[in-house]
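# Survey of secondary and tertiary structure
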There are 2 protein chains.
Amino acid sequence: MNPQETVEAFVAAWNRRDLDAVYAMMADDVVWENVPLGVAEGIGAVRAMMDGFPPIEACDWTIHAIAANGGTVLTERTDGFTLAGGRQAKVRVMGVFEIGADGRIAAWRDYFDSAEFQREFGG
Amino acid sequence: MNPQETVEAFVAAWNRRDLDAVYAMMADDVVWENVPLGVAEGIGAVRAMMDGFPPIEACDWTIHAIAANGGTVLTERTDGFTLAGGRQAKVRVMGVFEIGADGRIAAWRDYFDSAEFQREFGG
């Protein structure tokens, strides 16, 4: 897989709700930053952050635009979620992924509006 | 200029504070969306939106990552501003640009945190 295909497969793993695959595609020292909210450094911190999220029944993330430059892949997406009880949440986001030489995700930074996030998830 | 070079030149025009060049690089029917804030449709609406912004003495926008896929160019940036009186503002942003067949910017969507924007510009 080239870097763009890696990111497409990563989004597909989220959409299958296959967290084992999601974690396996991240480097042990991955840095995942939700820019307005905070950063998780290392796969252990990523797992802890995920455990602290509201329960999610399903993901429906759509990639509107994607482009790669070497190992760096930039995306424009709408990330849809089905929350507990079937409520829908949707966040407009752009994210950048840095793919390491081993083909795993070394860094992931998502840019979105924290107010939109709170509105969608907090309701 | 290819689409990536067009976007690099556009950012350079902002950094020279050359608004004539900025406007000339946008299509007449450009759609500029500051995703959490709103959208300006058409060059007249863009000019009106710019006129409504706080006075800006200088721009210092840094491109951290850029990649193109056909006419679509995605960027990760930090947009620095010098406001009236010399105060500094800085917003972390990702933006996508769609370059038309005529080489001008047909669409521009910037994703950032509205709270960060208010904090930086509102103080």
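## Description of the overall build of chain A
The helix and strand inventory of chain A stands at four helices and six strands. Listed by position from the N terminus, the elements making up chain A come as α-α-β-β-α-β-β-β-β-α. Each principal axis of the C-alpha atoms in chain A carries an extent, and together these give about 40 × 30 × 25 Å. The buried share among the 123 residues of chain A stands at 47%. Sequence-distant contacts in chain A: of pairs separated by 6 or more residues, those separated by 24 or more amount to 48%. Here chain A holds 10 positive side-chain charges and 19 negative ones, and the gap between their average locations is 5 Å.

## A few points about the sheet that holds strand 2 (residues 38–41) of chain B
Residue and element names in this part refer to chain B. Overall, mixed pairing links the six strands, which are arranged 2-1-6-5-4-3 in an open sheet. Edge positions in the sheet fall to strand 2 and strand 3 (56–69), since each of these pairs with one other strand and no more. Recorded for the sheet is a direction-independent mean angle of 20° between the axes of neighbouring strands. In this structure, strand 5 (residues 88–99) lies alongside strand 6 (residues 105–111), joined through six bridges in antiparallel fashion. If you follow F97 over to strand 6, its bridge partner there is W108. Of the strands in this sheet, strand 1 (26–34), strand 3, strand 4 (72–83), strand 5 and strand 6 touch helix 1 (residues 3–15), which is tilted by about 170° from strand 3. Set on the sheet, helix 4 (residues 114–122) makes contact with strand 4 and strand 5; between it and strand 5 the angle comes to about 130°.

## Concerning helix 1 of chain B
Residue and element names in this part refer to chain B. Counted at 1.5 Å a residue, the expected span for helix 1 with its 13 residues is 18 Å, and the 19 Å between its end C-alpha atoms agrees. For helix 1, the full list of buried residues reads T6, V7, F10, V11, A13 and W14. Along the axis of helix 1, the buried positions cluster into a sector of 155°, meaning they face one direction only. Regarding helix 1, its N-cap is N2, as a side-chain oxygen of that residue lies 3.1 Å from the backbone nitrogen of Q4 further along. Directly after helix 1, the chain includes R17, whose backbone phi takes a positive value near 60°.

## A look at the interface of chain B and chain A
Of the residues lining the interface, 24 residues belong to chain B; the matching set on chain A comes to 24 residues. Carbon and sulfur atoms make up 58% of the area that chain B and chain A hide from each other, which totals about 1800 Å². Area buried by chain B at its contact with chain A is led by L74, M94 and Y111 of chain B, which between them contribute 33% of it. As a salt-bridge pair, E76 of chain B and R109 of chain A come within 2.7 Å of each other at their nearest N and O atoms. Of all the secondary structure elements, the ones that give two or more residues to the side of chain B that touches chain A are strand 3, strand 4, strand 5, strand 6 and helix 4 of chain B.

## Section: unusual backbone geometry
At R17 of chain A, a position not held by glycine, the phi torsion is positive, near 60°. Of note, R17 of chain A is situated in the loop between helix 1 (3–15) and helix 2 (19–24).

Reading the values: the criteria
Residues numbered from 1 in each chain as written. Chains lettered and ligands numbered in written order. Predicted model: local features only at pLDDT ≥ 70, side-chain atom pairs only at ≥ 80, totals over all residues. Heavy atoms only, no water. Helix = DSSP H or I, 4+ residues; strand = E, 2+ residues; numbered from the N terminus. Buried < 20%, exposed > 50% of the residue type's maximum accessible area, 1.4 Å probe, protein only. Contact = heavy atoms within 4.5 Å. Lys, Arg positive; Asp, Glu negative; His and termini not counted. Charge placed at Lys NZ, Arg CZ, Asp CG, Glu CD. Pairing = 2+ DSSP bridges. Axes fitted to C-alpha atoms, helices over the stretch in contact; angles between N-to-C directions. Expected span 1.5 Å × (residues − 1). Arc of directions from axis to C-beta. Polar contact = N/O pair within 3.5 Å; in protein donor to acceptor, adjacent residues only side chain to side chain. Buried area = accessible area lost by both parts, 1.4 Å probe. Salt bridge = Lys/Arg side-chain N within 4 Å of Asp/Glu carboxyl O.

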